[in-house]
Amino acid sequence: MRTRRTTRAAQYVAVLAYLLFLGFPLVWLISASLKSPREFASIDPTFLPQAPTFRNFSDALEEQGLVRSMLNSLQISVATTVLVLIVSLPVAYALARLRSRLRPITNGWILVSQVFPVILIVIPLFVILRQLHLTNTIPGVVIVYMVWSMPFALWMLQGYVAAVPRELEEAASVDGASRVRTIVSIVMPLLRPGLIATAMFTFISAWNEFFFALVLLQDPQLKTLPLVLARFVGAEGQVQFGPLAAASVLATVPSLVFFAFLQRRLTSGLLSGAVKG
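Okay, so let's go over this structure.

The rules behind each value
- Residues numbered from 1 in each chain as written.
- Predicted model: local features only at pLDDT ≥ 70, side-chain atom pairs only at ≥ 80, totals over all residues.
- Heavy atoms only, no water.
- Helix = DSSP H or I, 4+ residues; strand = E, 2+ residues; numbered from the N terminus.
- Rg over C-alpha atoms; globule rule 2.2 N^0.38 Å.
- Buried < 20%, exposed > 50% of the residue type's maximum accessible area, 1.4 Å probe, protein only.
- Areas by Shrake-Rupley, 256 points an atom, 1.4 Å probe, with all protein chains shown as cover.
- Contact = heavy atoms within 4.5 Å.
- 1 Å grid on protein atoms, 1.4 Å probe; cavity = no way out; pocket = protein on both sides within 12 Å on 5 of 7 lines; lining within 4 Å.
- Points joined across faces, edges and corners; volume = space filled by probe spheres on them.
- Nonpolar A, V, L, I, M, F, W, Y, C, P; charged D, E, K, R; others polar.
- Core = buried A, V, L, I, M, F, W, Y, C linked by side-chain atoms within 4.5 Å.
- Axes fitted to C-alpha atoms, helices over the stretch in contact; angles between N-to-C directions.
- Parallel < 35°, antiparallel > 145°, perpendicular 65-115°, else oblique.
- Left-handed = near helix turned anticlockwise from the far one by under 90°.

Topic: the overall build of the protein chain
For step 1, the next point in the chain: A count of helices and strands for the protein chain gives 13 helices and zero strands.
For step 2, the next point in the chain: Helices and strands in the protein chain line up, N terminus first, as α-α-α-α-α-α-α-α-α-α-α-α-α.
For step 3, the next point in the chain: Computed over its C-alpha atoms, the radius of gyration of the protein chain comes to 23 Å, more than 25% above the 19 Å expected for a compact globule of 277 residues.
For step 4, the next point in the chain: Its C-alpha atoms give the protein chain principal-axis dimensions of about 75 × 70 × 30 Å.
For step 5, the next point in the chain: Counting across all 277 residues of the protein chain, residues that qualify as buried make up 36%.
For step 6, the next point in the chain: On the protein chain, roughly 17,000 Å² of surface is accessible, and the fraction owed to carbon and sulfur atoms is 69%.

Digging into the environment of tyrosine 160
For step 1, the next point in the chain: Within the fold, tyrosine 160 resides in helix H7 (residues 138-163).
For step 2, the next point in the chain: On the basis of relative accessibility, which here comes to 33%, the residue tyrosine 160 falls in the partly exposed class.
For step 3, the next point in the chain: Remark: the alpha-carbon pair of tyrosine 160 and alanine 9, spanning 151 residues in sequence, is separated by 34 Å.
For step 4, the next point in the chain: Non-local contacts of tyrosine 160, meaning those with residues more than four positions away in its chain, are made with Leu191, Pro193, Gly194 and Ala197.

A word on the layout of surface pockets
For step 1, the next point in the chain: Computed from the structure, the largest pocket encloses a volume of approximately 440 Å³.
For step 2, the next point in the chain: Elements with a contribution of two residues or more to the lining of the largest pocket: helix H5 (102-113), helix H6 (118-131) and H7.
For step 3, the next point in the chain: Per-class residue counts for the lining of the largest pocket are 15 nonpolar, three polar and no charged.
For step 4, the next point in the chain: A volume near 250 Å³ is recorded for the second largest pocket.
For step 5, the next point in the chain: Forming the boundary of the second largest pocket are 15 residues, of which Trp207, Asn208, Ala251, Thr252 and Ser255 lie nearest the centre.

Considering the nonpolar core
For step 1, the next point in the chain: Tyr93, Leu154, Val161, Leu191 and Leu195 are the most contacted members of the largest nonpolar core, which totals 19 residues.
For step 2, the next point in the chain: Taken together, the elements giving at least two residues each to this core come down to helix H4 (66-97), H7 and helix H9 (179-190).
For step 3, the next point in the chain: If sequence neighbours within four positions are ignored, leucine 191 has contacts with Leu89, Tyr160, Val161 and Val164.

Structural notes on unusual backbone geometry
For step 1, the next point in the chain: Unlike most non-glycine residues, histidine 133 shows phi in positive territory, near 60°.
For step 2, the next point in the chain: Following the sequence through the fold, histidine 133 ends up in the loop between H6 and H7.
For step 3, the next point in the chain: Taking the relative accessible area as the measure of exposure, histidine 133 reaches 67% and is therefore exposed.
For step 4, the next point in the chain: Phi is positive for asparagine 136, close to 60°, though the residue is something other than glycine.

Some details on the packing of H6 against H7
For step 1, the next point in the chain: At a closest axis distance of 12 Å, the pairing of H6 and H7 adopts a crossing angle of 140°. Overall, the two elements H6 and H7 adopt an arrangement that is oblique. Where H6 crosses over H7, the handedness of that crossing is right-handed. Counting all contacts with H6, which are made through Val118, Ile121, Leu125 and Leu129, the residues of H7 involved are Gly140, Val144 and Trp148.
For step 2, the next point in the chain: Split into classes, the residues belonging to the contact of H6 with H7 amount to six nonpolar, one polar and no charged.

These figures capture arrangement, not role.
Encoded structure:
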């Protein structure tokens, strides 16, 4: 009994230490966003702000067009996530279920595509989008993000599809259900955890992406959030620490809300799959 209690206490301590490790950067960021310029320049810095102020938040919102860039990033991230799920699900199902000589080649290409340096493809990509009149447009950025996120999404969903028993689909086929009806009514409900995990990855990847947006977007009205955050670093390397920390705090809110919204459905999907299995 004592050994069991000791083990459980050690587990709680380990979990608490891990949570503190993960949460410390966010706590430090919030603390920094409430500090005045005088505290940043102090030779004896403190972790907690001595005189908390919300001036940094007002400066970030008023001077840098942060709200507009957040809306642009939100629009791009949501559109990318929806398109990736719509396109990758049937392709992942085909790769997992249909036997073909192209399947090993396709899987190999998916893995190889993940090791390509971005700098190698950005120039031909820019030329292609310019010929299609998609540079400096949100749809052009969405297409690029969708293509860039697709390989990893296919790799994730393919594993989830392969875990679904074939017997369920065979039973649905015996009952007269078509392939499309089987995917929609049988496979998709069991793939909810995989779809949610893929959506999380795609959304965060598009929300944080910087390099493609830097190359493809020139209009200030279309700038995404990472591009606007980079403006807080001056041409001479002078950083506006307070407004940058405040803007970073605001930038984390949508992703945290999105994660919290889907995390609840991820848990219900896992439980649903466990019951159905």
